[in-house]
Each structure stands twice: as structure tokens, then as C-alpha cells.
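One letter stands for each residue in the lines below.
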Amino acid sequence: MPQAVTAAEIEAAIRNVPDFPKPGIQFKDITPVLADPRLFAGAIDLLTENFSPGSIDAVVGIDARGFIFAAAAATKLNAGFIPIRKKGKLPHSTHEQDYALEYGHATVAIHTDALRSGARVLLIDDLLATGGTAGAAAALLQKLGANIREIVFLIELKFLDGRKQLKNFPVRSLVVY
Ligand code: AMP
């Protein structure tokens, strides 16, 4: 049996890109993790480790890098995949939720019929920064009556204290900066 992937191996593969997309931002580039089949599969194993197949009804991913991990996690857990997208992208009727950015605001959306009330949901995104995005996503899921079992991130920027936006939920991240 091959060695299980550790969070330290994933951390070693994440590439820091200074000043992208603007000066002062340390962008965490996860593409080297995705390009390595062992690390990608290992990341999915770690993100889903608290659940067995059938114990989750849907894995919800956040636009856009969250989709990559959430879709793979959904097939592993024998669950559906549901996208939360930026405003204006989903074709059918939606609920929308606004959230604050450093400058201005943004809006995320989910289809109104994406989930049944009480559905057991795992919410995944690539990175927790200020928590605005994930907080808005959780608010949309609550509007649909979802039972949010866990919110998981590949990466957490702890100094931005994004967990304060997610106080009511179990939150976990694999790599913390
Ligand atoms: P926030 O709403 O502040 O928690 O930001 C989280 C979202 O922005 C995630 O979907 C990330 O993909 C993206 N993001 C924020 N900061 C970074 C960063 N330093 N590197 C890569 N992605 C980031």
C-alpha cells in the first residue's frame, strides 16, 4: 500500500506567488498539488477524512478553485456535487448573498432547488482568508435548510481570522499559514 499523503507534503507543493494579483498579496498557488496525482488524491482523502461514502448527501464547492476539490470529494463520498457560483453564472432561479471585500462587495449564488431541507452537506473551498466568501456560502446553505456537517479548506491564512465568520460550524483546514 503506498504511503498516505501528509499535510506537510501538500504544504511543500503549494507555491507562494508574491504580489499576485496585486501588490502585497501572497498568492497561494495550488496548481502543483493538482498536477501531482498522488498529492491530488491525498488532498481529497484528507479533506474527506471525517466522512464515509453515503454519510454526506452533497459536497458543495465554491467558485472556482473550490470546484476542483469538491467535485473529486463528491465522487469519493458517493455524494452529489453542488456549485456556489459568483452572481450571474447560474442559469435557473437563485438565492444570492452579498459579502464585504477589502474594497467593495461581491455576491455568490446557489440554485433555489439545489438541496432539500435537512441535506447533509460538506462545504469545500481551496483557501480561507477573511472568511467572507465561505461565510456567504454557509448563509446560502442555511437558507436552503442544509445541515452543514463540516467546512474544509486546503489552506487557511490564520492571521486573517476567517473562522470568526464561521463560528456556528465545524471548520478544518489542512495547511495553515
Ligand atoms: P475570503 O473571502 O477573504 O476568505 O477569500 C477566500 C477566497 O479568495 C478563496 O476562494 C480563495 O480562492 C481566494 N483567496 C483569497 N486570498 C488568497 C490568497 N492569498 N491566495 C490564493 N487565493 C486567495
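Anyway, here's the lowdown on the structure attached to this text. Here the structure is a predicted model, which means the values were calculated and not measured. (Residues numbered from 1 in each chain as written. Predicted model: local features only at pLDDT ≥ 70, side-chain atom pairs only at ≥ 80, totals over all residues. Heavy atoms only, no water.)

### Overview of the side chain of Ser-173
So the rule is basically this: Numbering of helices and strands runs from the N terminus, with a helix taken as a DSSP run of H or I at least four residues long and a strand as a DSSP run of E at least two residues long. Using a 1.4 Å probe on the protein chains alone, a residue whose accessible area is under 20% of its type maximum counts as buried, one over 50% counts as exposed, and one in between counts as partly exposed. Polar contact is the term for a pair of N or O atoms within 3.5 Å; when the atoms are in protein, one must be able to donate a hydrogen and the other to accept it, and sequence-neighboring residues count only if both atoms are side-chain atoms. Residues are treated as being in contact if the distance between any of their heavy atoms lies within 4.5 Å.
Here Ser-173 lies in strand β9 (residues 171-176). In this structure Ser-173 comes out as buried when scored by relative accessible area, which is 14%. A distance of 2.5 Å separates a polar atom in the side chain of Ser-173 from a polar atom in the side chain of Glu-156. Not counting residues up to four positions away in its chain, the partners in contact with Ser-173 are Phe-153, Ile-155, Glu-156 and Arg-163.

### A look at the packing of aromatic side chains
In plain terms, the rule: Two rings belonging to Phe, Tyr or Trp (six-membered ring only in the last case) form a pair when the distance between their centres is within 6.5 Å. Interplanar angles under 30 degrees mark stacking, angles over 60 mark edge-to-face geometry, and anything in between is tilted. Placement of a positive charge over a ring is assigned whenever Lys NZ or Arg CZ falls within 6 Å of the ring centre and within 35 degrees of the normal to the ring plane.
Within this structure, the stated rule accounts for three aromatic pairs. Here Phe-40 and Phe-69 contribute two aromatic rings whose centre-to-centre distance is 6.1 Å and whose plane-to-plane angle is 85°, an arrangement assigned as edge-to-face. Of this pair, Phe-40 sits in helix α3 (residues 37-47) while Phe-69 sits in helix α4 (residues 65-76), and the two are 29 residues apart along the sequence. Accessibility expressed as a relative area gives 23% for Phe-40, which makes it partly exposed. Its guanidinium or amino end placed over the ring of Tyr-177, Lys-28 lies 4.1 Å from that ring's centre, counting from NZ or CZ.

### Section: α4
Side chains three or four residues apart in an α-helix point the same way, a direct result of the helix having 3.6 residues per turn. Rules: To estimate the expected span of a helix, count its residues, drop one, and scale the result by 1.5 Å.
Look at α4: 18 Å from first C-alpha to last across 12 residues, which is about the 16 Å you get at 1.5 Å a residue. Within α4, burial applies to Gly-66, Phe-67, Phe-69, Ala-70, Ala-73 and Ala-74. Contacts made by the buried residues of α4 are with α2 (31-35), α3, β3 (58-62), β4 (80-86), β7 (120-128) and β8 (147-156).

### Thoughts on the site of the ligand
Formally: Put simply, a residue is near a molecule or strand once any heavy atom of it comes within 4 Å of that molecule or strand. The protein chains shown are the only cover counted for residues, whose accessible areas, like all others here, come from Shrake-Rupley with a 1.4 Å probe. Residue polarity is assigned by list, with Asp, Glu, Lys and Arg as charged and Ala, Val, Leu, Ile, Met, Phe, Trp, Tyr, Cys and Pro as nonpolar; anything else, Gly included, falls into the polar class.
With respect to spatial proximity, 13 residues lie near the ligand, and among them Arg-65, Asp-126, Thr-130, Gly-131 and Thr-133 are the closest. Separating a nitrogen atom of the ligand from a backbone N or O atom of Lys-28 is a distance of 3.0 Å. When isolated, the ligand has an accessible area of 490 Å², and the protein chains bury 81% of it. For the shell around the ligand, the elements supplying multiple residues, two or more each, are β2 (26-29), β7 and α5 (132-143). When its residues are assigned to classes, the shell around the ligand shows four nonpolar, five polar and four charged.

### Section: the environment of Ile-14
For Ile-14, the position within the fold is in the loop between α1 (7-13) and β1 (15-18). Placed 121 residues apart in sequence, Ile-14 and Gly-135 show a C-alpha to C-alpha distance of 24 Å. If we skip the residues at most four places from it in the chain, Ile-14 touches Lys-28, Asp-29, Val-33, Ile-155, Val-175 and Tyr-177.

### Digging into the sheet that holds β3
Our working rule: Each pair of strands is called paired provided DSSP finds at least two bridges between the two strands. All axes here are fitted lines through C-alpha atoms, helices being fitted over the stretch that makes contact, and every angle between N-to-C directions spans 0 to 180 degrees.
Taken together, the seven strands give an open sheet; going across it, the order is β5-β6-β4-β3-β7-β8-β9, and neighbouring strands pair in mixed fashion. Edge strands, defined here as strands with exactly one partner in the open sheet, are β5 (94-100) and β9. When strand polarity is set aside, the average angle formed by the axes of neighbouring strands in this sheet is 20°. The sheet strands contacting α4 are β3, β4, β7 and β8, and the helix crosses β3 at an angle near 165°. Sheet strands touched by α5: β3, β4, β5, β6 (105-111), β7 and β8. Its angle to β5, the strand with the most contacts, is close to 150°.

### Side note on the pairing of β8
Regular strands show a simple pattern: their side chains alternate between the two faces of the sheet. As a reminder, the rule being used: Handedness of a crossover is defined as follows: with both strands directed away from the viewer, a clockwise route from the first strand across the helix to the second makes it right-handed.
Most of β8 is tucked away, with eight of its 10 residues classed as buried. In this fold, β7 hands off to α5, which returns the chain to β8; that crossover is right-handed. With five bridges joining them, β8 and β9 adopt parallel strand pairing. Looking at the pairing, Val-152 lines up with Arg-172 of β9.

Purely geometric stuff here, so don't read any function into it on its own.
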